[in-house]
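Geometric and topological summary
Listed here are the chains, written in short residue letters.
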Amino acid sequence: MALKLPVPRRREVPGVLASFEHIDAACDAIRTLRKQGRRNLTVYTSHPNHEVEAAVGHTNSPVRLFTLIGGLAGCTAGFAMTIWMSRDWPLVVGGKAIGTVVPYVAIAFELTVLIGSLVTFLGMALLTFPRAVRKVAFDRRFSDDLIGVFVPASVSETDKLSDFFRRAGAVEVRNA
Amino acid sequence: MATVAYGPNLTRTHAEITSDVVATLSPPSRGYLAALFGAVGLFLIGLITFVMLLKDGLGHAGYNPPIMWSVYITNFVFWVGIGHAGTLISAILYLFRSPWRTAVYRATEAMTVFAVMTAGLFPIIHIGRQWIFYWLLPYPNARYLWPNFKSPLIWDVFAIGTYLTVSTCFLVFGLIPDVAAVRDRATGWRRALYSQMSLGWTGSDNQWRHFSRAYLYLAALCTPLVLSVHSVVSWDFAMSLVPAWHGTIFAPYFVGGAIYSGLGMVMTLLIPLRKVLKIEHLINDYHFDNLAKLTLLTGCILFYSYSMEYFVAWYSGNTFEQTTFFRRAFGPYWWAGWTMIICNALVSQLLWFKKIRTNLTSLFVISIFINIGMWFERFVIIVSSLSNEFIPWAWDGINPTWADWGILAGSFGWFLMYFLLFARTFPIVAIQEIKEMIPMPRRKGTAGGHH
C-alpha cells in the first residue's frame, strides 16, 4: 500500500508553460517578458544556472540572515548554558575557577555550528515551501534536460503568449 | 545536445546523467546482495556480543588495569576519523570549487553520516551501564547536577552530536534536488518516498536561488566543524598527563590522520561499488587519481607527525616520554607500532607514482593497508601509552577477547549495512552537480559559458 501523508491543499495558478531545449533561447524569452513588465515568472531548470539567474534578475537570497541569526543564537546559548550551569552548582575541578570561558569555547563553537545549520535548513524550507504549495504548472522533463518558463496569465492573454514562445524557440507550449 | 569531457573517456548529456544514476536504483545484482548479507551477518555478530555485554557487564571485554581504555575507544576514534574525508570532500572541496568532487561526494557524505553513527555507539558501549548514557547530557535532574563542561569528554558529546546532526542535515539537504529528479521517473513506493523527501521540489529559479546560498553556508559551517571534531577527540587524550598523549601536536595530527583514514575507506568502498552499480564511467581513474593525491598529502602529514612525536620525545629529555616511545617501537607492542608506521607513513609514499594512483587494484590494496594502519594507530596511541604509565610496577598489557573482536566486526557490519542500503535507495552520485558541469545546449551552437 502506497504511503499517504497529508499534503497541503494547492491553489492552482492559470498561465502558459513553455519548454525550451536551448538556454540562450530561454534566457532571451525571459528577458523580453521582463521588459514587457512581467515579473512573476517561474523558470525551471535541472540544476542552478547563472545565465537564468541573471535573466530573471534575482537579488541575494535572504537565507544568509537565517544562518547569521542561528549562529549567533547558538553561540550565545553555548556560553549562557555553560556559565549558568557551572554557577548553579559550583563544583571546583582541579582548582580552576567556576565560570571559565576558555573551556566553554568548545561547547559554544559546536552550538554555533549546530543551531546555525539547523536554522539555515529551516530558512531554506520557509523561503521555498510557501511557493511550492502554489500549484504552478510543471513538467517532469524539467528535472531532466528541458528548461521550463511559466507565465501566469488570464485566458485572454494565452494565445498571444503562446505565439510569443513559439517564435522564441520553445519546443512545446501549453496552457495551464 | 551538449556534452562534456568529464574526466577521461566520458561524454554524457544531461538526460543520460539522470538515466545513469536512476539505473543504479534498479533491482540489485548478486554481488550487491552477497555484500549486504555479509554486512548483516557481521552486524548480528556485534548485536549478540552487545547483548552479552548488557547481560553480564564489561567483564567479557579485555580491559586490564591500567588499560581501562582499550579496543572500544580505539574503535570510537577510528570510526570518527573515517567520517572526516566525507566532509572534506563534500564541504571543503565545494568551497574550493574542486570539479572532481562532484562524482564522489554523495557517497563520501553518506559514509560520513554512517561512520559517525557507528562511532557514537562506542562511548555508550564503553561506559558499561549503557542504559544511563543520557547522564552525559545537560538536563534538569533530581540531584541538581550539571555536566562538568571543563572535561574534554563532555566537549566530545557536543562535538560528536553536532557532527552527526550537521552531517545528516547536509546530506539530506543536498539530496533534495536529486531525489526530486529521481521522483519524476520513479513508480510505486519509491515515488511515494521521494515525493515526501523532495519537499515539493520543482527546480524553480526561486528554489535554486535559496538552495544554492543555503548549501554554501552549510558547507562554510561544516568546514570548521570537521576540523574541530577530531581536535576535540584528540583533546580527550592531550588534556590528560599520560606520557605520549600530552602533546600540542595532537589536534592537527589527529585531523590529518582522520582525513587519511577516511580517504582510505572511501577508496575501499568506491572501487568495488562502482563496479557493482555499473557506474565505472561516472567514477573513473580521474577521480581516483585525485583521491590518491589527497591521500598522499595526508599520508605525508602523518609521516611528519610520527617523526615529530619521536623527535620531541627525545628532545624533551623527559624520561617518561622517552620510555613510552622507546617501548612503542621495541616494547611488547612493537608489532602494533611498526604496523602503524609501515601502513600509514610508508605505504602512502607509493602514491607518488602516477601508475599506482591510476591502477585501481593497487589503490584498493593500499586502501586496505590504510584502514589497518589507522586502526592500529589508535590502538597504539591508547593501549601502548596506558600500558606503561608513570609507575613501572603497574605496567601491564591487554589481551583483546571475543567481546572486543565481536563488537569490532559488528561495527563494520552496522556501517556497511547502512551504506549499502543507502546506495540502492538514493542517488549515490550527485545528479544536479554533474549536470552543472555540462554546458547547456545553445540554439546558436556555441559552447556554454557556465562553469
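Residues numbered from 1 in each chain as written. Chains lettered and ligands numbered in written order. Predicted model: local features only at pLDDT ≥ 70, side-chain atom pairs only at ≥ 80, totals over all residues.

**Overview of the overall build of chain B**
Looking only at helices and strands, one finds 15 helices and 2 strands in chain B. For 451 residues, the compact-globule estimate of 2.2 N^0.38 gives 22 Å, and chain B sits close to it at 23 Å. Taking the principal axes of its C-alpha atoms as reference, chain B extends roughly 80 × 55 × 40 Å. In chain B, buried positions account for 51% of the 451 residues. When contacts within chain B are restricted to residue pairs at least 6 apart in sequence, long-range pairs at least 24 apart make up 82% of them. (Helix = DSSP H or I, 4+ residues; strand = E, 2+ residues; numbered from the N terminus. Rg over C-alpha atoms; globule rule 2.2 N^0.38 Å. Buried ≥ 20, exposed ≤ 12 C-beta atoms within 10 Å, placed from the backbone. Contact = placed C-beta atoms within 7 Å.)

**Details of the overall build of chain A**
For chain A, the count of helices and strands is 5 helices and 6 strands. Traced from its N-terminal end to its C-terminal end, chain A shows the element sequence β-β-α-β-α-α-α-β-β-α-β. Relative to the 2.2 N^0.38 estimate, which gives 16 Å for 176 residues, the radius of gyration of chain A is 25 Å and therefore markedly larger than a compact globule would have. Each principal axis of the C-alpha atoms in chain A carries an extent, and together these give about 80 × 40 × 25 Å. A total of 176 residues make up chain A; the buried ones form 41% of that total. Of the contacts made within chain A by residues no fewer than 6 positions apart, 83% connect residues no fewer than 24 positions apart.

**Quick word on the nonpolar core**
One finds Val-80, Met-111, Ile-160, Val-229, Val-266, Phe-419 and Val-429 of chain B to be the most contacted residues of the largest nonpolar core, which totals 151 residues. When residues in this core are grouped by element, the largest group, 17 residues, is from helix H5 (residues 152-183) of chain B. Setting aside its immediate chain neighbours within four residues, Phe-419 of chain B contacts Ala-110, Met-111, Phe-114 and Leu-269 of chain B. Judged by nonpolar contacts, the second largest core, of 30 residues, contains Tyr-44, Phe-142, Phe-150 and Ala-168 of chain A. (Core = buried A, V, L, I, M, F, W, Y, C linked by C-beta atoms within 7 Å.)

**A short note on the pairing of strand S5 (residues 147-152) of chain A**
Residues and elements named next belong to chain A. Summarising burial for S5: 5 of the 6 residues are buried, a large majority. Pairing geometry for strand S2 (residues 15-20) and S5, over 6 bridges, is antiparallel. Within S5, the residue paired with Phe-20 across the bridge is Ile-147. By the bridge criterion, 3 bridges tie strand S3 (residues 42-44) to S5 in an arrangement that is antiparallel. What sits directly across from Val-43, in S5, is Val-149. (Pairing = 2+ DSSP bridges.)

**Quick notes on the environment of Gly-15 of chain A**
Within the secondary structure layout, Gly-15 of chain A lies in strand S2. Other than its neighbours up to four places away in sequence, Gly-15 of chain A contacts Ala-137, Phe-150, Val-151, Pro-152, Ala-153 and Ala-176 of chain A.

**With respect to the interface of chain B and chain A**
Contacts between the two partners involve 57 residues from chain B and, on the opposite side, 64 residues from chain A. For the side of chain B that touches chain A, the elements supplying multiple residues, two or more each, are helix H1 (14-23), H5, helix H6 (188-197), helix H7 (205-238) and helix H15 (431-437) of chain B. Its residues assigned to classes, the side of chain B that touches chain A shows 28 nonpolar, 19 polar and 10 charged. (Nonpolar A, V, L, I, M, F, W, Y, C, P; charged D, E, K, R; others polar.)

**Observations regarding the confidence of the model for chain A**
Caution applies to low-pLDDT regions: their predicted coordinates should not be interpreted in detail. Of all residues in chain A, 90% attain a pLDDT of 70 or more, and the chain-wide mean is 87. Of all secondary-structure elements in chain A, the lowest mean pLDDT belongs to strand S1 (residues 11-12) of chain A, at 64, while helix H3 (residues 63-88) of chain A reaches the highest, 95. (pLDDT = per-residue confidence, 0-100.)

**Details of helix H4 (residues 105-126) of chain B**
All names here are of chain B. Its 22 residues place the ends of H4 32 Å apart at the C-alpha level, agreeing with the 32 Å of an ideal helix rising 1.5 Å per residue. For H4, a buried count of 18 out of 22 residues is recorded, marking the element as mostly surrounded by other parts of the structure. Taken from the residues just after H4, Gly-128 is the one with a positive phi, measuring 90°. (Expected span 1.5 Å × (residues − 1).)

**Side note on the packing of H4 of chain B against helix H8 (residues 250-276) of chain B**
All names here are of chain B. Between H4 and H8, the shortest axis-to-axis distance is 11 Å and the interhelical angle comes to 120°. The crossing of H4 and H8 is right-handed. Contacts from Ala-107, Thr-108 and Met-111 of H4 reach H8 at Met-265, Val-266, Leu-269 and Leu-270. Of the residues in the contact of H4 with H8, the class split is 6 nonpolar, 1 polar and no charged. (Axes fitted to C-alpha atoms, helices over the stretch in contact; angles between N-to-C directions. Left-handed = near helix turned anticlockwise from the far one by under 90°.)

**A word on the sheet that holds S2 of chain A**
All names here are of chain A. Read from one edge to the other, the open sheet built from 4 strands follows the order S3-S5-S2-S6, with strand pairing classed as antiparallel. Single-partner strands in this sheet number two, and they are S3 and strand S6 (172-175). Averaged over all pairs of adjacent strands, the angle between strand axes in this sheet comes to 15°, irrespective of strand direction. The strands that helix H1 (residues 23-35) touches are S2, S3 and S5; relative to S5, the one it contacts most, it runs at about 15°.

**Observations regarding the domain arrangement of chain A**
For chain A, the assigned domains read domain 1 (11-57 + 133-175) and domain 2 (63-128). For domain 1 of chain A and domain 2 of chain A, the distance between their C-alpha centres works out to 45 Å. (Domains from an automatic or database assignment.)

**Overview of unusual backbone geometry**
Residue and element names in this part refer to chain B. A cis amide bond, omega 5°, links Pro-65 with the succeeding residue Pro-66. In this fold, Pro-66 is placed in the loop between helix H2 (30-56) and helix H3 (71-95). A positive phi angle, near 55°, is found at Tyr-144, a position not held by glycine. With respect to the helices, strands and loops of the structure, Tyr-144 is situated in the loop between H4 and H5. Of note, Leu-199 is a non-glycine position whose phi angle comes to about 55°, a positive value. Looking at where Leu-199 falls in the secondary structure, it is placed in the loop between H6 and H7.

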